[in-house]
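Okay, here's what each chain looks like letter by letter:
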Amino acid sequence: MSNAITIRAATAADIPFLVDCNAAMALETEHKTLDRQLLTRGTEAVFADPRRGFYRVAERDGVAVGSLMVSYEWSDWRNGDWWWIQSVYVTPQARRSGVFSALYADTESRARATAAVVGLRLYVENENHDAQATYASLGMRDAGYRMLQTGFIDFTA
């Protein structure tokens, strides 16, 4: 097995993998079992409307081992888009082997090459100290905001 990691744009053929990743991430990080039909429709919606964002997939030896999604937030203060990194997942057997770092480097490079992008953001669970350390090692820092929300569907399931 090679250690080389390649990053590519996700395609509709990746939807089952992306759904599996998102379901596993929700279970591991928030102890939530997601409705797979709803999750599948939500994942398909990104491919149906590029204004929602895009997915990137990490592969090793042609096998998908990680993914992330980027969505957009317009900043009138900066006249540009923040790229939000979300739905980050690395398969258990590929963790601690540079997969997320490769996904992040690819995303950062693409963002820097896009004039309208003002920066990268992500949110992380307060108790997920391993992820926080990883993000800090890549140069990310606390943005000084607290995330609040009002949900219109049941998020407790």
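Residues numbered from 1 in each chain as written. Predicted model: local features only at pLDDT ≥ 70, side-chain atom pairs only at ≥ 80, totals over all residues. Heavy atoms only, no water.

Draft legend 1. Seen up close, the side chain of Ser75. Position of Ser75 among the secondary structure elements: in strand E3 (residues 63-75). If we ignore the near neighbours within four places in the chain, the residues touching Ser75 are Gly80 and Trp82. (Helix = DSSP H or I, 4+ residues; strand = E, 2+ residues; numbered from the N terminus. Contact = heavy atoms within 4.5 Å.)

Draft legend 2. Local environment of the pattern of salt bridges. For the structure on display, the rule yields ten salt bridges. Close ionic contact of Arg8 with Asp14 constitutes a salt bridge, the shortest N to O distance being 2.7 Å. Judged by its relative accessible area of 25%, Arg8 is partly exposed. Judged by relative accessible area, which is 8%, Asp14 ranks as buried. Here Arg36 makes a salt bridge to Asp20, at a shortest N to O gap of 2.4 Å. Here Arg36 is found in helix H2 (residues 36-48), whereas its partner Asp20 is found in helix H1 (residues 15-30), with 16 residues between them in sequence. (Salt bridge = Lys/Arg side-chain N within 4 Å of Asp/Glu carboxyl O. Buried < 20%, exposed > 50% of the residue type's maximum accessible area, 1.4 Å probe, protein only.)

Draft legend 3. Fine view of the sheet that holds strand E5 (residues 117-122). Taken in spatial order, the five strands of this open sheet run E1-E2-E3-E4-E5, and their pairing is mixed. Whereas interior strands pair on both sides, the edge strands pair on one side only; in this sheet they are strand E1 (5-9) and E5. Direction aside, neighbouring strands of the sheet carry axes that sit 25° apart on average. Relative to E5, strand E4 (residues 80-90) runs parallel, the two being bridged by five bridges. (Pairing = 2+ DSSP bridges. Axes fitted to C-alpha atoms, helices over the stretch in contact; angles between N-to-C directions.)

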